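Breakdown of the fold
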Amino acid sequence: MRYAETGFQLEVDLSKGSIDKVETDPEDTALLLGGLGMNLKLLFDRVPPGTDPWSPDNLLIFGNGLLNGTFVPGANRVSVDTIAPVNGFLGHSLMGGFFGAEMKMAGYDRIVIRGQAPDLVYLAIHNDKVEIRDAGHLRGRLMDETQTLIKQELNDKRAWVAALGPAGENRVIMASIDCGNSSAARTPGPVMGVKNLKAIAIRGTKDVYIANPEKAWEMCSRLRKELDLNPNIGDWMATDEDDSFHHNNFSWGNARVRRKTFWSNELEERWRNLKYDHMSRWTGCWNCPKACHNLIKWPNRRRFSYKCYGKDTYHMAAFQELDFTYEILPIAMDLGLDSYSTPQVIAFALELLDAGILTEKDFPDMPSDIRQKFYYLLHKIAYRDGIGDVLAHGVSGAATIIGHGAEEFDHNTVKKFEQLPIKLGKLNPAYFLMIATGEEMAITQTEGSFPQDPITDPKLKEEFINNWVAVPDRKFHEWFRQWEKRDQLPDQAMVEISDWNECMHYLDDSLGLCGFVSSFRGQFGGTTGYHVWNMPDLITLVAGIESDKDRLWECFQRIRTLARALNNRRGLRREMERPPEDHWAVRDEEYEQQLLTKYYDFKGWTFDGIPTKETLEKLSLGYVAEDLIKNNVLTGDEVTALKDPRANKEKE
């Protein structure tokens, strides 16, 4: 019997119209856990390196975290992965809510989608009954409307529907897949669109088995109480109205203008009233004691929910206030557009207009009011109308198409993904490494375990250290104790801090744990819910896979290295690993490159950032080494970065 996982994945080929329930290998689970880890193996094994992301041969995978659907609190994340059209590399997104638990109870650890339907369809899953249904009547329907109509058609109000809006149908790069206001952003949406898959509706009523239910229940009951009482976890932006951090420190417009004194007590009070005068309640995801979603009913808009920094992106891009986000966000969500990248794309277009690179002819009949300009461009993008057809490629893609100096205004992307609009002073070395080398689309999928800034008060510093239960090794205590200035720690510390940050996210994304109760919250108070000391017990008790801290860390290394190898095979090399040039005002190219070399060496990678054959074989990824040699990515004789002669030239 399989525990925590079902042991089956649903494989759908939309070109052939075939549906297969396939048994999986438990050895793969022991090596890669679930979620992201298993999705990476499928992408590496089944999507050849030259495959066009828009091709029917690309895969779209909804992968359940190993612990989803069990009584582990906060385990509900689905890893939605593909090869991203925006840059041809791994496209990794996460979706919370209830879809993952429903998928697990329907009997599936993941849904693997290949091919392209001849016309628009949706997938209807009820336990073992799986149908590919015509969705022609849903063409052009908005997100919320699509979900409602499918539930009515299936006569099942309890089904969960992951759907596209018009933006996804039209293959807009910033398109999202939404399920009950929980979304998988950017990378998977356009791939789902090109496959002519409008939605996946799922309903499950099966049991999920636990290896040691009595002890697991005891542990999870205790964890649930701890999570509920811990003020340092969950999304603080759901309940704390002081959002001075983002508004004073993040950049406005096209990620250029900082308004360091924007926030005030009067503003906070006004926005607090604005929120609570229109909020129905807080809601949360499957089996989580933290209610992080603010459910809002704005006049003349459907009810919607948001969390985290998503409440700020539109009004900051437009130099407006919170009421504008409440006004525009439900419309953007229904169109199926991501709220992190889309506002930047719109602000980018308007900056090009101000600079004369685009002209009034590119924006026929555009209103003069800034809010109406955003609505105008929002619809242009979603329906690929006029200039919207260009902007639908994202900032980097649009800049390349427009030319005439537009590339200079693309100053906030990494590997063509729009980043959080942060412009800072001195270089933060650990963040340089995380932003430059991340396989995912944003720093929020990498940071969170180690604080962003030192604590200067000795008493408060020691108090933090004493409560820092998540630390995997006491050396992090010592590094934090000696840390006085943000940019001053030994290079080895910066490298290992980056490694630990990565570790937690890769484990969360494979186990299904929400970062707000795990990887992302360790930097705040040090008392995060999950860490490398209690995750192994959960895996052992719930999934029946013997685990400890060392085995778990090796799982992380394996999953991280597999993600890197997948991207290396698709062309990722050292020269692409750069944060935005103006992310920090003070840069030191020589130091950055030396730091990158040390990071690569620590990982067991070559000077070009490719895992060596020896590294791959140590992690039970020998088949990956063979593939990279076959595809001329490796020769098999490579050494790690610091042993490479080019490293000596860096020092000179």
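Residues numbered from 1 in each chain as written. Predicted model: local features only at pLDDT ≥ 70, side-chain atom pairs only at ≥ 80, totals over all residues. Heavy atoms only, no water.

**Some points on the overall build of the protein chain**
Of regular secondary structure, the protein chain possesses 25 helices and 21 strands. For a compact globule of 652 residues, the expected C-alpha radius of gyration is about 26 Å, and the protein chain comes in at 24 Å, within 12% of that figure. Along the first, second and third principal axes, the C-alpha atoms of the protein chain reach 60 × 55 × 50 Å. Sorting the 652 residues of the protein chain into buried and exposed places 63% on the buried side. Put simply, of all contacts in the protein chain between residues at least 6 apart along the chain, 69% involve residues at least 24 apart. Averaging the coordinates of the 78 positive side-chain charges in the protein chain and doing the same for the 97 negative ones gives two points 2 Å apart. (Helix = DSSP H or I, 4+ residues; strand = E, 2+ residues; numbered from the N terminus. Rg over C-alpha atoms; globule rule 2.2 N^0.38 Å. Buried < 20%, exposed > 50% of the residue type's maximum accessible area, 1.4 Å probe, protein only. Contact = heavy atoms within 4.5 Å. Lys, Arg positive; Asp, Glu negative; His and termini not counted. Charge placed at Lys NZ, Arg CZ, Asp CG, Glu CD.)

**Focus: the sheet that holds strand β16 (residues 293-296)**
Ordered in space as β15-β16-β17, the three strands form an open sheet in which the pairing is antiparallel. The open sheet is flanked by β15 (279-283) and β17 (304-306), the only strands paired with a single partner. Looking at each pair of strands side by side, their axes are set apart by 25° on average, direction ignored. The pairing of β16 with β17 spans three bridges and is antiparallel. Of the residues in β17, the one forming a bridge with I296 is F304. Across the sheet, helix α11 (residues 322-335) is in contact with β16 and β17; its angle to β17 comes to roughly 105°. (Pairing = 2+ DSSP bridges. Axes fitted to C-alpha atoms, helices over the stretch in contact; angles between N-to-C directions.)

**Some details on the packing of helix α21 (residues 549-569) against helix α24 (residues 622-630)**
The interhelical angle for the contact between α21 and α24, taken along N-to-C directions, is 15°, at an axis separation of 11 Å. Regarding the angle of α21 to α24, the classification is roughly parallel. Once α21 is placed against α24, the crossing between them reads as left-handed. Where α21 abuts α24, its residues L562, A565 and R569 lie against Y623, V624, D627 and L628. (Parallel < 35°, antiparallel > 145°, perpendicular 65-115°, else oblique. Left-handed = near helix turned anticlockwise from the far one by under 90°.)

**Remarks on the packing of aromatic side chains**
Aromatic ring pairs are defined here through the distance separating the ring centres and the angle between the ring planes. On inspection of all chains with the given rule, the structure shows 35 aromatic pairs. A ring pair is formed by Y506 and F556, whose centres lie 6.2 Å apart and whose planes are at 55°; its orientation type is tilted. With Y506 in helix α19 (residues 491-511) and F556 in helix α21, the pair connects residues that are 50 residues apart, well separated along the chain. The class of F556 is buried, set by a relative accessible area of 0%. With centroids separated by 6.2 Å and ring planes inclined at 55°, the aromatic side chains of Y599 and Y600 adopt a geometry described as tilted. Per residue, the accessibility class of Y599 equals that of Y600, and both read buried. The residue whose ring lies beneath K151 is W160, and the NZ or CZ to ring-centre distance is 5.5 Å. (Phe/Tyr/Trp six-rings, centres within 6.5 Å; stacked < 30°, edge-to-face > 60°. Lys NZ or Arg CZ within 6 Å of the ring centre and 35° of its normal.)

**Regarding the domain arrangement of the protein chain**
In terms of domains, the protein chain is made up of domain 1 (8-203), domain 2 (234-340) and domain 3 (424-651). The partner domain 3 presents four residues to the eight residues of domain 2 that form the contact. Taken over both partners, the interface formed by domain 2 and domain 3 buries close to 560 Å², and the fraction arising from carbon and sulfur atoms is 59%. Taken together, the links from domain 2 to domain 3 amount to zero salt bridges. At the junction of domain 2 with domain 3, the criterion picks out two residue pairs in polar contact (both at pLDDT 80 or more). Broken down by class, the residue content of the side of domain 2 that touches domain 3 amounts to three nonpolar, one polar and four charged. (Domains from an automatic or database assignment. Buried area = accessible area lost by both parts, 1.4 Å probe. Salt bridge = Lys/Arg side-chain N within 4 Å of Asp/Glu carboxyl O. Polar contact = N/O pair within 3.5 Å; in protein donor to acceptor, adjacent residues only side chain to side chain. Nonpolar A, V, L, I, M, F, W, Y, C, P; charged D, E, K, R; others polar.)

**With respect to helix α17 (residues 458-466)**
Among all positions in α17, only K461, F464 and I465 are buried. Considered in projection along α17, the buried side chains sweep an arc of 100° and stay on one side of the axis. Projecting away from the buried face of α17 at angles above 90 degrees are the exposed residues K459 and N466. Turning to α17, the residues buried within the fold contact α18 (475-482). In this structure D457 caps α17, since a side-chain oxygen of it lies 2.9 Å from the backbone nitrogen of K459. (Arc of directions from axis to C-beta.)

**Digging into the sheet that holds strand β2 (residues 18-23)**
Strand order across the open sheet formed by six strands is β2-β1-β6-β3-β4-β5, with mixed pairing between neighbours. Unpaired on one side and paired on the other, β2 and β5 (90-95) mark the two borders of the sheet. In this sheet, adjacent strand axes meet at a mean angle of 20° when their direction is disregarded. Taken together, the five bridges between strand β1 (residues 8-13) and strand β6 (residues 110-114) define a ladder with parallel strand orientation. Bridging across to β6, D13 finds its partner in R114. Against the sheet, helix α3 (residues 99-106) touches β3 (60-64), β4 (78-83), β5 and β6, its axis set at about 85° to β3.

**With respect to helix α2 (residues 35-46)**
Taking 1.5 Å per residue, twelve residues should reach 16 Å; α2 reaches 17 Å between its end C-alpha atoms and fits that length. α2 sits mainly inside the fold: ten of its twelve residues count as buried. Of all the positions in α2, only G35, L36, G37, M38, N39, L40, K41, L42, L43 and F44 are classed as buried. (Expected span 1.5 Å × (residues − 1).)

**Examining the packing of α19 against α21**
Relative to each other, α19 and α21 sit at 90°, their axes nearing to 9 Å. Judged by the inter-axis angle, α19 sits roughly perpendicular to α21. Seen from α19, the contacting residues are D499, W500, E502, C503, Y506, L507 and S510; seen from α21, they are L552, W553, F556, I559, R560 and A563. Here the contact of α19 with α21 is composed, by residue class, of nine nonpolar, one polar and three charged.

**Thoughts on the pairing of β4**
Moving residue by residue along a regular strand, the side chains alternate between the two faces of the sheet. Here β4 lies mainly inside the structure; six of its six residues are buried. Neither face of β4 is open: one carries V78, V80 and T82, the other S79, D81 and I83, and all of them are buried. In the sheet, β3 pairs with β4 via four bridges, with the strands oriented antiparallel. Following the sheet pairing, N64 is matched in β4 by V78. Summarising the sheet, β4 and β5 pair through six bridges and their orientation is antiparallel. Bridge assignment links I83 to a residue of β5, and that residue is L90. Connecting β4 to the antiparallel partner β5 that follows it, the hairpin turn spans six residues, and G88 within it adopts a positive phi of roughly 80°.

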